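So you can see what is in the structure, the chains are spelled out below.
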Amino acid sequence: MTRSKQKMTMRQVEDALNTIAERQNQIAHLLQNLLQEAEKQNTIMLNLLIDLDKIEVIICPSCEGVINFPTMKGLERDTHCPYCQKALDSNQQTLFGEEE
Ligand SMILES: [Zn+2]
């Protein structure tokens, strides 16, 4: 038998749409949980780094946004403010290693 060409009933369309909406809700919920978890990890990491004195706090000269830089080998310091995107290097404060 060939596949029936019968159209979906309104009821079936409705069910299908409901299923899609339900899936979307589940995905949104999942994403929200993931984001919350990521934020939590971020906070833990930041506090840990502050405790270990591995954070350099920079105030953006343009927008006065507070930027936390982890001071670690292999991690490049941001050159631009994540908030206003302006260059941070205009007044280079303490960089790594105070050699003088
Ligand atoms: Zn800024």
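Definitions and cut-offs
The residue count restarts for each chain, going from 1 along the sequence in the order it is written. Confidence filtering applies because this is a predicted model: local features only for residues at pLDDT of at least 70, side-chain atom pairs given and counted only at 80 or more, and all residues used for totals across whole chains, interfaces and linings. Helix numbers and strand numbers start at the N terminus; a helix is a DSSP run of H or I with at least 4 residues, a strand a run of E with at least 2. Between the buried cut of 20 or more and the exposed cut of 12 or fewer other C-beta atoms within 10 Å of a residue's own C-beta lies the partly exposed class, and all C-beta atoms are placed from the backbone. Placing a C-beta atom from the backbone of each residue, one calls two residues in contact when those atoms lie within 7 Å. For two strands to pair, DSSP has to find at least two bridges joining them. By this rule, a helix spans an expected 1.5 Å times one less than how many residues it contains.

Caption draft 1: Expanded view of the environment of valine 66. Relative to the assigned elements, valine 66 resides in strand 2 (residues 66–70). By the C-beta count within 10 Å, which is 10 here, valine 66 ends up exposed. Along the primary structure valine 66 and proline 82 are separated by 16 residues, whereas in three dimensions their C-alpha atoms are 9.6 Å apart. Once residues within four sequence positions are removed from consideration, valine 66 is found in contact with Val57 and Ile59.

Caption draft 2: Summary view of unusual backbone geometry. Even without a glycine there, the phi angle at aspartate 53 is positive, about 60°. In this structure, aspartate 53 sits in the loop between helix 1 (10–51) and strand 1 (55–59). In the Ramachandran plot, glutamine 85 falls in the positive-phi region, its phi being about 65° despite a non-glycine side chain. Judged by local crowding, glutamine 85 falls into the exposed class, with 10 C-beta atoms found within 10 Å.

Caption draft 3: Examining the pairing of strand 1 more closely. Sheet topology places strand 1 next to strand 2; 5 bridges connect them, and they run antiparallel. The residue of strand 2 that forms the bridge with valine 57 is asparagine 68. Linking two consecutive strands that pair antiparallel, namely strand 1 and strand 2, is a turn of 6 residues; a positive phi of about 60° is found at glutamate 64 within it.

Caption draft 4: Geometry of helix 1. End to end, helix 1 covers 61 Å across 42 residues, agreeing with the expected 62 Å (1.5 Å per residue, within 8%). Little of helix 1 sits inside the fold, with 0 of its 42 residues counted as buried.

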